[in-house]
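Summary of structural features
The chain contents come next:
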Amino acid sequence: MITFFLLGANLGDRVGTLARAVSLIGERVGRVVVQSSLYETAPWGVTDQPAFLNQVLAVDTALEPEAALVKTQAIEHELGRVRHEHWGARTIDIDLLYYGQLIWQSPTLTLPHPLLHQRRFTLVPLAEIAPDAVHPVFNRTTLELLSDCVDMGTVTIFNSPINIPHTENVVPLCSVCYQFPKNHPRLCLPRSTP
Ligand SMILES: Nc1ncnc2c1ncn2[C@@H]1O[C@H](COP(=O)(O)OP(=O)(O)OP(=O)(O)O)[C@@H](O)[C@H]1O
Ligand SMILES: Nc1nc2c(c(=O)[nH]1)N=C(CO)CN2
């Protein structure tokens, strides 16, 4: 099953921690099919904390969703994550955004991730690798969610002067490939039939 994960880090060696997380996900969850660029993003929710690096991965997993979550929580733990404040600073955070088109709710897992559509720090990297992926609850593509998203948080490609323009200018980002390396692999999930 193709799944999408959001990685976030705002403490310690952010780049190194993300790289280790990608490698461990590849070993324990499934093949990492596509990685987005790294994005430096303004802290969302609790704003008085350091900037985050965020990245989205597409992963082909044979695990069931809850099992995938258990694996990524173990990876968070191994990489030194300590839970302090809700939405607070952390060495690593791994959220499961989509598990194919599955809609799922349990005490430990909600799919799609319930805040995915409200966060530019999630939608922009997701749009880089899966602009046409369809949110199974809203039946909207990533680019459609991005153009509707009212979050104005700054999202900048890390180590790059490119600044992604905010919401109302983002639809032209549909030409994600004008701003990102040509031939960048893109994944599409089918739009579910009504
Ligand atoms: N799609 C999901 N991905 C990751 N965790 C989830 C998901 N749905 C529910 N959870 C649950 O959310 C709990 C809290 O997660 P976490 O501590 O990472 O929250 P947070 O990062 O502070 O906030 P947020 O979930 O808004 O990013 C986890 O223990 C997990 O069981
Ligand atoms: N920019 C940004 N802000 C956040 C992030 C994150 O990954 N990136 N994660 C949070 C925890 O849910 C809270 N706030």
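Quantities reported herein were computed from a predicted structural model and do not represent experimental measurements. (Residues numbered from 1 in each chain as written. Chains lettered and ligands numbered in written order. Predicted model: local features only at pLDDT ≥ 70, side-chain atom pairs only at ≥ 80, totals over all residues. Heavy atoms only, no water.)

1. Re the site of ligand 2
For clarity, the cut-off: Any residue with a heavy atom lying within 4 Å of a molecule or strand is counted as near it. Here a polar contact is recorded for every N or O atom pair within 3.5 Å, except that within protein the pair must consist of a potential hydrogen donor and a potential acceptor, and residues adjacent in sequence are included only if both atoms are side-chain atoms. For accessible areas, the Shrake-Rupley method is used with a probe of radius 1.4 Å. Any residue's cover is judged against the shown protein chains and nothing else. Residues are grouped as follows: Ala, Val, Leu, Ile, Met, Phe, Trp, Tyr, Cys and Pro are nonpolar; Asp, Glu, Lys and Arg are charged; all remaining types, including Gly, are polar.
In the vicinity of ligand 2, the contacting residues are Thr-41, Ala-42, Pro-43, Trp-44, Phe-52, Asn-54, Trp-87, Arg-90, Asp-93, Arg-119 and Phe-121. Contact distances for ligand 2 include 2.8 Å between a nitrogen atom and a backbone N or O atom of Ala-42. Note that a nitrogen atom of ligand 2 is positioned 2.8 Å from one of the backbone N or O atoms of Trp-44. Isolated, ligand 2 exposes 330 Å² of accessible area, and the fraction of that covered by the protein chains is 97%. Looking at the shell around ligand 2 residue by residue, the classes come out as 6 nonpolar, 2 polar and 3 charged.

2. A closer look at the confidence of the model for the chain
For clarity, the threshold we go by: Values of pLDDT, ranging from 0 to 100, describe the predictor's confidence in every residue of the model. Contact criterion: two residues are considered in contact whenever any of their non-hydrogen atoms come within 4.5 Å of each other.
Taken residue by residue, the chain gives an average pLDDT of 83. The fraction at 70 or more is 80%. Confidence over residues 160–190 falls short of pLDDT 50; this stretch has 67 contacts with residues more than four positions distant or in other chains.

3. Focus: unusual backbone geometry
The test is simple: A run of H or I in DSSP counts as a helix once it spans at least four residues, and a run of E counts as a strand once it spans at least two, with each numbered from the N terminus.
Each neighbour pair has its own omega, and for Leu-111 with Pro-112 the value is -10°, a cis peptide bond. Topologically, Pro-112 is positioned in the loop between β7 (110–111) and α3 (120–129). In the Ramachandran plot, Asn-139 falls in the positive-phi region, its phi being about 55° despite a non-glycine side chain. Position of Asn-139 relative to the elements: it lies in the loop between β8 (134–135) and β9 (140–141).

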